[in-house]
Amino acid sequence: MKQNHLLLSIICLLGIATGLTAQTVYVPQTVPNPKNATANGWISDPSGYFSGTDLAEINEACDQLKQTVDVEVAVVMLPGYDRERYDRFDFCQELFNLWGIGGAEKNTGVLVFFADGPEGHRDIRIHTGGGMEGLITDYKCSEYIDDAYPYLEKGEFAKGVKIIVRDIYNNLMSEESQSELLLGWKPQHESPVSLLFWYILLGFAVAIRIAVRMYKKAPINDHMTEEIWDTANEGLNSRMKNIGYGSIFLWPLLLLYIAIRIIRKQMPALPIRDEEGRKLYKVPDAEAGNYLSDNQRMEQSVQSRRYNVFRSAEGDIIKTGVHKGKKANAYSECAVCGAATMGLLATKVLSEATYKKTGEKELSYKCACCGHEETLRKTIPVLVKASSGSSYSSGRSDSGYRGGWSSGSSSHSSGGSWGGGHSFGGGAGRSF
């Protein structure tokens, strides 16, 4: 009887141990969402890799990124995941889009992902939203991981991930990044090389490759007959025919694309009539800027307004039509120059919101046209208590990180859900 009880106890302990092990194997749908119904943080750390100070510092940095440049950064620390069903990239891609990290319109989201495991099977990855790939390139992601790697390799996972978050923060809070994210001052570079040029260049490359392959198969002496030559090239010819047949479907798409570009450039827009009934013809977009003021050109540049210019056949009558731009909601009219180019530049927390009283923050606006700056103060709502582990007090970085995070305290006022963003797979990762 005692042996039966002992055997039963061992079986129960093994069952409990198996259950605990199973709980550490996550799929994207089971990763705790830090923005669920009772939480409003940025970190998913079910196994407690981060200390309370770590949580406060990272949440504060992520809060400021959201408030200042409208970028959402999710930090996920897992003890493991289902490696039989997912590799590192697929797991991050599915988790990113499942949560919808970043705004739905701008796709300005970043996922910092770490998964523990036996040596050689630990994973670190930075996964970026579609709107972040210009600011946080794949190369920069690799650099950030390089910065953190000495600590990750030693098993200091929390410190390594904090360094990655710090690098992302310093990048996005720079003046250049803020201008691009908030004011749309990204330089526009038109490529002098058209799609048709690249297509022709690819054709030349394929032709050269074929010539080289055929040269290598050519008879090297008089003893190789024509029959041997044909046999040697039979396989190559067969493969090239398959490639040729397979690429036939691309030609109609290419021709359609070229035709649309030509028609859009050369076909004049339908004329309108002025108050006296005279016909006015639309000026091509490439020339329209010559008829706009500096303010109007800047409005078009930041996409707060869009202008169509019409002129008479003689060129003596000019009429301008104004329309709402794609980013009209992000700008207001400047009190100095009157241009709709007044955009949010930065946010500074003046007083911390608590669970009993509201806080206050200062919003800085700058005109992209004349440089005029204004400040506006707004109230930060009272904090709402969340469940254990999801609410963090403000903290200060004491680790000596270069370019430390701002000392302003966070208010966690970014809302209780992610913004609905999407990733196309940008970023970089590593196993160690």
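Structure: see above.
Counting restarts for each chain: residues are numbered from 1 in the order of the written sequence. It should be noted that, the model being predicted, local features are given only for residues of pLDDT at least 70 and side-chain atom pairs only at 80 or more, the latter also being counted only at that level, while totals for whole chains, interfaces and linings use all residues. Derived side-chain values reflect all non-hydrogen atoms in the structure, with water molecules and hydrogen atoms excluded from consideration.

## Observations regarding the overall build of the protein
Helix and strand content of the protein: 11 helices and 13 strands. For every residue, the accessible area (1.4 Å probe, protein chains only) is compared with the maximum for its type, and the residue is labelled buried under 20%, exposed over 50%, or partly exposed between those bounds. Burial analysis of the protein (432 residues in total) assigns 36% to the buried set. Look at the contacts in the protein between residues 6 or more apart in sequence, and 67% of them connect residues 24 or more apart. To measure how exposed things are, a 1.4 Å probe is used in the Shrake-Rupley method; for residues, cover is taken only from the protein chains shown. For the protein, the accessible area works out to roughly 25,000 Å², and carbon and sulfur atoms hold 55% of it. Working definition: helices are DSSP H or I runs of at least four residues, strands are E runs of at least two. Numbering for both runs from the N terminus. Any two residues whose heavy atoms approach within 4.5 Å at even a single point are treated as in contact.

## Let's talk about the packing of aromatic side chains
Aromatic rings in a pair are described by how distant their centres are and how their planes are angled relative to each other. For Phe, Tyr and Trp, where Trp contributes only its six-membered ring, two rings pair if their centres lie within 6.5 Å, and the inter-plane angle classes them as stacked under 30 degrees, edge-to-face over 60, or tilted in between. Under the defined criterion, the tally for this structure stands at 12 aromatic pairs. Taking 5.6 Å as the distance between ring centres and 85° as the angle between the ring planes, the aromatic pair formed by Tyr86 and Phe91 counts as edge-to-face. Judged by relative accessible area, which is 9%, Tyr86 ranks as buried. Lysine NZ or arginine CZ positioned within 6 Å of the ring centre and within 35 degrees of the ring normal marks a charge as sitting over the ring. A cation over a ring is seen here: Lys35 above Trp418, with NZ or CZ 5.4 Å from the ring centre. Across the ring face of Tyr149, the terminal group of Arg430 is positioned such that the distance to the ring centre comes to 4.9 Å.

## Quick notes on the packing of helix H4 (residues 138-153) against helix H5 (residues 157-172)
At a minimum axis distance of 8 Å, the contact between H4 and H5 shows a crossing angle of 150°. Comparing the axis directions of H4 and H5 gives the class roughly antiparallel. Handedness of the H4/H5 crossing: right-handed. Only Phe157, Lys159, Gly160, Val161, Ile163, Ile164, Arg166, Asp167, Ile168 and Asn171 of H5 make contact with H4, whose side of the interface consists of Lys140, Tyr144, Ile145, Asp147, Ala148, Tyr151 and Leu152. Classification convention: Asp, Glu, Lys, Arg as charged; Ala, Val, Leu, Ile, Met, Phe, Trp, Tyr, Cys, Pro as nonpolar; all other residues, Gly among them, as polar. In the contact of H4 with H5, the residues fall into 10 nonpolar, 2 polar and 5 charged. Here an axis means a line fitted to C-alpha atoms, over the contact stretch when the element is a helix, while the angle between two N-to-C directions is reported on a 0 to 180 degree scale. Note on angle classes: values under 35 degrees are labelled roughly parallel, values over 145 roughly antiparallel, values of 65 to 115 roughly perpendicular, and the remainder oblique. Here is the rule for handedness: rotate from the far helix to the near one, and if that takes an anticlockwise turn smaller than a right angle the crossing is left-handed, while a clockwise turn gives right-handed.

## Quick notes on the sheet that holds strand S13 (residues 426-431)
At least two DSSP bridges between two strands are needed for those strands to be called paired. The mixed open sheet is built from 5 strands, whose spatial order is S1-S2-S3-S4-S13. Looking at strand neighbours, the two that pair on one side only are strand S1 (43-44) and S13, the edges of this open sheet. Of the pairings in the sheet, the one linking strand S2 (residues 72-78) to strand S3 (residues 109-115) comprises 7 bridges and is parallel in character. Residue pairing across strands places Val75 opposite Val112, the latter belonging to S3. Each of S1 and S2 touches helix H2 (residues 52-69); the most contacted strand, S2, lies at about 155° to it. Strand contacts of H4: strand S4 (123-128) and S13, with the helix running at about 30° to S13, the strand carrying the most contacts.

## Some words on the sheet that holds strand S7 (residues 305-312)
With antiparallel pairing, the 4 strands of this open sheet are ordered in space as S5-S6-S7-S8. Two strands in the sheet have a free side with no partner beyond their single neighbour: strand S5 (272-273) and strand S8 (318-324). One ladder, built from 3 bridges, connects strand S6 (residues 279-282) with S7; its direction is antiparallel. Note on S7: the bridge partner recorded for Tyr281 is Arg311.

## Details of the pattern of salt bridges
Basic side-chain nitrogens of Lys or Arg form a salt bridge, by our definition, when they fall within 4 Å of a carboxyl oxygen of Asp or Glu. Taken as a whole, this structure holds 16 salt bridges when the rule is applied. Two residues, Glu333 and Arg305, come together in a salt bridge whose shortest N-O distance is 2.7 Å. With Glu333 in the loop between strand S9 (331-332) and strand S10 (342-351) and Arg305 in strand S7, this residue pair connects regions lying 28 residues apart in the sequence. Taken together, the salt bridges that share partners define one network made up of Asp54, Glu57 and Lys162.

## Concerning the environment of Arg430
Mapped onto the secondary structure, Arg430 falls in strand S13. Relative accessible area serves as the criterion here: at 24%, Arg430 is assigned to the partly exposed category. C-alpha of Arg430 to C-alpha of Tyr149: the two residues are 281 residues apart in sequence and 9.5 Å apart in space. Discounting residues that sit within four places of it in the chain, Arg430 has contacts with Arg88, Arg122, Asp123, Ile124, Ser142, Ile145, Asp146 and Tyr149. Here a polar contact is recorded for every N or O atom pair within 3.5 Å, except that within protein the pair must consist of a potential hydrogen donor and a potential acceptor, and residues adjacent in sequence are included only if both atoms are side-chain atoms. Engagement of the side chain of Arg430 in a polar contact is seen with the side chain of Asp146, the distance being 2.4 Å.

## Focus on unusual backbone geometry
For Asn107, which is not glycine, the phi dihedral falls at a positive 55°. By the element assignment, Asn107 lies in the loop between helix H3 (88-99) and S3. Taking the relative accessible area as the measure of exposure, Asn107 reaches 12% and is therefore buried. For Gln303, which is not glycine, the phi torsion reads 65° and is therefore positive. Structurally, Gln303 is set in the loop between helix H11 (294-302) and S7. Note on Gln303: relative accessible area 31%, which makes it partly exposed.

## Quick word on the side chain of Gln178
With respect to the helices and strands, Gln178 occurs in helix H6 (residues 175-183). A distance of 2.9 Å separates a polar atom in the side chain of Gln178 from the backbone oxygen of Met173.

## Observations regarding the environment of Glu299
Here Glu299 shows up in helix H11. Owing to a relative accessible area of 3%, Glu299 belongs among the buried residues under this scheme. With 69 residues separating them in the primary sequence, Glu299 and Ala368 have C-alpha atoms 8.6 Å apart. Ignoring sequence-local partners within four residues, the contact set of Glu299 consists of Ser304, Arg305, Tyr307, Gly338, Ala339, Ala340 and Thr341.

## Digging into H2
Its 18 residues give H2 an end-to-end C-alpha distance of 26 Å, which sits within 8% of 26 Å, the value for a rise of 1.5 Å per residue. In terms of burial, H2 is largely enclosed, as 16 of its 18 residues are buried. Among the residues trailing H2, Asp70 stands out with phi positive, at a value near 60°. Helix span is expected to be 1.5 Å times the residue number reduced by one.

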